[in-house]
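A structural walkthrough
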Amino acid sequence: MAINPSLIRNCVRVAVGVLICSTVGLAKSAGPLTEAQARYRQDMAFCNSGKSNQDIATCRREARSALAEARRGGLKAAPVDQYQQNALQRCNAHQGDERTACEARMRDEGSVEGSVADGGILRKSEIAVPSE
């Protein structure tokens, strides 16, 4: 049985095409995973530096958990406006002028002192109240 050379060429072309397409597909899907692994390495370096405000075991566990969640595709950054909305929702416990003042503090109007590392952030604003 004779083998047709054009049939072999066509099969080789199809095989090469499939190989190229699968390589491109793998490269595209590896992008987020590669980014997650790079972030994991940064997180671990930060943990090992002692600047994380957590004990090293907790920091490393959080870094591993973030990498695992990224591999599952569930780790997404919240939009910046979502953080602002969350901060303003904390003011829902107040009414009237106190709520207005709380919302102003959450928008960084006034002064801010402290840090998470120090145990908390103190936001304060001064409101002039006319005497009666």
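Worth saying up front: this structure is predicted, and the values here are computed from it rather than measured.

For the rest of this paragraph, the subject is the overall build of the protein. When its secondary structure is counted, the protein shows 4 helices and 2 strands. Each helix and strand of the protein, placed in order from N terminus to C terminus, yields the pattern α-α-α-α-β-β. Every one of the 132 residues in the protein was classed for burial, and the buried ones make up 11%. Taking the contacts inside the protein whose residues are at least 6 apart along the sequence as the reference set, 17% of them involve residues at least 24 apart. On the protein, roughly 10700 Å² of surface is accessible, and the fraction owed to carbon and sulfur atoms is 57%.

Turning to the pairing of strand β2 (residues 120-124), a few remarks are in order. Remember that side chains alternate between the two faces of the sheet whenever the strand is regular. In this structure, strand β1 (residues 111-115) lies alongside β2, joined through 5 bridges in antiparallel fashion. Opposite E113, over in β2, you have L122 as the bridge partner. What sits between β1 and β2 in their antiparallel hairpin is a turn of 4 residues, with G119 showing a positive phi close to 110°.

Another point: the state of the cysteines. Disulfides are covalent bonds that connect the sulfur atoms of two cysteines. Tallied over the entire structure, the rule returns 2 disulfides. Two residues share a disulfide in this structure: C47 and C59, whose sulfurs sit 1.8 Å from each other. Taking the torsion about the sulfur-sulfur bond, which here is approximately -80°, the covalent link between C47 and C59 counts as left-handed. Note that C47 is positioned in helix α1 (residues 5-49) and C59 in helix α2 (residues 56-71), a separation of 12 residues in sequence. Overall, C47 belongs to the buried group, its relative accessible area being 1%. Taking relative accessible area as the criterion, C59 reaches 7% and is therefore assigned buried. Here C91 pairs with C102 through a disulfide, and the sulfurs are 2.0 Å apart. Linking C91 and C102, the disulfide has an S-S dihedral of approximately -75° and is accordingly described as left-handed. One end of the pair, C91, is in the loop between α3 (80-89) and α4 (96-106); the other, C102, is in helix α4, with 11 residues separating them in the sequence. Classification of C91 as buried rests on a relative accessible area of 0%.

Moving on, we get to the side chain of S52. Here S52 lies in the loop between α1 and α2. Classification of S52 as buried rests on a relative accessible area of 12%.

About the cut-offs
Residues numbered from 1 in each chain as written. Predicted model: local features only at pLDDT ≥ 70, side-chain atom pairs only at ≥ 80, totals over all residues. Heavy atoms only, no water. Helix = DSSP H or I, 4+ residues; strand = E, 2+ residues; numbered from the N terminus. Buried < 20%, exposed > 50% of the residue type's maximum accessible area, 1.4 Å probe, protein only. Contact = heavy atoms within 4.5 Å. Areas by Shrake-Rupley, 256 points an atom, 1.4 Å probe, with all protein chains shown as cover. Pairing = 2+ DSSP bridges. Disulfide = S-S within 2.5 Å.

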